[in-house]
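Chain by chain, the residues run as shown.
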Amino acid sequence: MTTVTERDVQTLRDALGPLRDREQIAERLLESSAKHSFDPDTELDWDAAVEDGKWFWPPELVSLYDTPLWRKMSEEQRMDLARHEAASLASLGIWFEIILMQLLVRHIYDKPVTSNHVRYALTEIADECRHSMMFGRMIQWGRAPNYPVPRVYHNLARVLKTVSTTPGSFAATLLGEEILDWMQRLTFPDERVQTLVRGVTRIHVVEEARHVRYAREELRRQMVTAPRWEREFTRLSCGEAARVFSVCFVNPQVYENVGLDRREAVAQVKASGHRTEVMQTGAKRLTDFLDDIGVLNGVGRRLWKSSGLLA
């Protein structure tokens, strides 16, 4: 099979239309970064006290919401679970962003260092550094523990960072960014939520919008230009990443830390129709996009369905 070269890419289309010029996309993203970037250390009031009666995460997005166990819990215990789940998601975000930064560095290693495309990638890496520090400070501010992913998945990510192809890297990037982004878009305008948490999610939403654009455009390009074996491998690795992501989304230790039976809580989350709807709704914009560009085919699609993120 003939592999399409970068020189030919401007003449190509996919299901979404013609591919855009890589340098023009990066130029626009750099302009946006110059206008809408934030320093969380100075933008947010880290000395503010935790506000009584406010949530750390919207209750409808808490994993046990509307389950039999949730209905038995006191309001105080529900709010405490939301605090721990916010810390768990922030911990997951840090883990994922550290992986993403390494994948981005690999992506640009052989690219022209003076190009807009590389310059924007370095800008995004700087964003992700700030985000990771911001999430860490939020965990400490809320007096919650760090929630690392299980060791098996922590080590599996070492393999991913070594063997991931370029399209696989950008597919995994979107998986980690878009579902959390959907949840954060519901969080930052929600006045029931802690002011500082809303500020964290607002910064992340604004800056992640650029990251999603960069990753989507590059994944489209890669799914057109990559050889067939690489596209097939991307479908498989993306499906496996979806499965791992869904398993790691909330660390089950949060349930024990608020006085719940871990096994019972995990079982009720798995059986929750509300939780399934939340996760699939959060993933729908991404899964529609991946379906359009040919990522959700074959075994990869079955893995996505087994993850619970695809109906």
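Each chain carries its own residue numbering, running from 1 in the direction its sequence is written. Under the rules for a predicted model, residues below a pLDDT of 70 receive no local features and side-chain atom pairs below 80 are neither given nor counted, while totals for whole chains, interfaces and linings still include all residues. Side-chain numbers come from the whole structure's heavy atoms, not from hydrogens or water.

What's the story with the overall build of the protein chain in this structure? I'm lost.
Helix and strand content of the protein chain: 13 helices and 2 strands. Radius of gyration (C-alpha) of the protein chain: 20 Å, near the 19 Å computed for a compact globule of 311 residues. Judged by the C-alpha coordinates and their principal axes, the protein chain covers about 60 × 45 × 30 Å. Any two residues whose heavy atoms approach within 4.5 Å at even a single point are treated as in contact. Pairs at least 24 residues apart make up 83% of the contacts formed inside the protein chain by residues separated by at least 6 positions. Only the protein chains shown count as cover for residues, and all accessible areas are computed by the Shrake-Rupley method using a 1.4 Å probe. Accessible surface, the protein chain as shown: approximately 14600 Å² in total, 52% of it carbon and sulfur. Separation of charge centres in the protein chain, based on 42 positive and 44 negative side chains, amounts to 5 Å. Labels follow the DSSP assignment, with helices taken as runs of H or I lasting at least four residues and strands as runs of E lasting at least two, numbered in each case from the N terminus. Within these notes, the globule rule equals 2.2 Å times the number of residues to the 0.38 power, and the radius of gyration is based on C-alpha atoms. In this tally Asp and Glu are treated as negative and Lys and Arg as positive; neither His nor the chain ends contributes. Where a charge lies is defined by one atom per residue type: Lys uses NZ, Arg uses CZ, Asp uses CG and Glu uses CD.

Looking at this model, I keep getting lost on the state of the cysteines. Mind explaining?
Simply put, disulfide is the name for a covalent bond between the sulfur atoms of two cysteines. Disulfides are defined in this document as cysteine sulfur pairs within 2.5 Å. Tallied over the full model, the rule gives 0 disulfides. Cys 248 carries a free sulfur, and the closest cysteine sulfur to it, the one in Cys 238, is 15 Å from it.

Quick question: what am I supposed to make of the pattern of salt bridges here?
Opposite charge on two side chains permits pairing when their charged atoms draw close. By definition, a salt bridge exists where a carboxyl oxygen of Asp or Glu is found within 4 Å of a side-chain nitrogen of Lys or Arg. Going through the model one piece at a time under the given rule, you end up with 25 salt bridges. The residue Asp 181 makes a salt bridge to Arg 185 at a minimum N-O spacing of 2.7 Å. With Asp 181 and Arg 185 both in helix α7 (residues 166-187) and 4 residues apart, this pair spans about one turn of that helix. Buried means the residue's accessible area, taken with a 1.4 Å probe over protein chains only, is under 20% of the maximum for its type, while exposed means over 50%, and partly exposed covers the values in between. The exposure class of Asp 181 is buried, given its relative accessible area of 10%.

Which parts of the structure should I look at to understand unusual backbone geometry?
Excluding glycine, residues mostly carry a negative phi; peptide bonds, for their part, are mostly trans. The backbone of Asp 66 shows a phi angle near 65°, a positive value even though the residue is not glycine. Positive phi values are uncommon outside glycine, yet Arg 143 reaches one of about 55°. Note that Arg 143 resides in the loop between α5 (116-141) and α6 (151-163).

What am I meant to see in the nonpolar core here?
Soluble, globular proteins show a tendency: their nonpolar side chains are buried together. Residues belong to a common nonpolar core when they are buried Ala, Val, Leu, Ile, Met, Phe, Trp, Tyr or Cys residues joined through side-chain atoms within 4.5 Å. In this structure, Leu 64, Phe 249 and Trp 304 are the most contacted members of the largest nonpolar core, which totals 89 residues. Residues contacting Phe 249, with those up to four places away along its chain left out, are Ser 88, Leu 89, Leu 92, Ile 179, Leu 180, Met 183, Arg 275 and Met 279.

How should helix α13 (residues 298-307) be read in this particular structure?
Think of an α-helix as turning once every 3.6 residues; residues three or four places apart then point the same way. Looking only at α13, the buried set comprises Gly 300, Leu 303, Trp 304 and Ser 307. One face of α13 carries all of its buried residues, which in axial projection span an arc of 100°. Across α13 from its buried face, at more than 90 degrees, point the exposed residues Arg 302 and Ser 306. Buried residues along α13 sit in contact with α7, α9 (228-248) and α12 (273-292). Among the residues trailing α13, Gly 308 stands out with phi positive, at a value near 85°. Each direction from the helix axis to a C-beta atom contributes to the arc, which is the arc of those directions.

Mind showing me how you'd approach the environment of Thr 276 here?
With respect to the helices and strands, Thr 276 occurs in helix α12. Between the alpha carbons of Thr 276 and Ser 306 there is a distance of 12 Å; along the sequence they are 30 residues apart.

Mind showing me how you'd approach the side chain of Thr 201 here?
Along the chain, Thr 201 falls in helix α8 (residues 195-225). Accessibility expressed as a relative area gives 2% for Thr 201, which makes it buried. Under the rule applied, a polar contact is a pair of N or O atoms within 3.5 Å (in protein, one hydrogen donor and one hydrogen acceptor; residues adjacent in sequence only if both atoms are side-chain atoms). In terms of polar contacts, Thr 201 uses its side chain to reach the backbone carbonyl oxygen of Arg 198, at 2.9 Å. In this structure Thr 201 touches Trp 57, Gln 184, Thr 187 and Phe 188, once residues within four positions along its chain are discounted.

What should I look at first to understand the environment of Tyr 120 in this one?
Turning to its location among the elements, Tyr 120 is positioned in helix α5. For Tyr 120, a relative accessible area of 0% translates into the label buried. C-alpha separation for the pair Tyr 120 and Gly 294, spaced 174 residues apart in sequence, amounts to 26 Å. With residues up to four places along the chain from it excluded, the contact list for Tyr 120 reads Ala 26, Leu 29, Leu 30, Ser 33, Arg 210, His 211 and Tyr 214.

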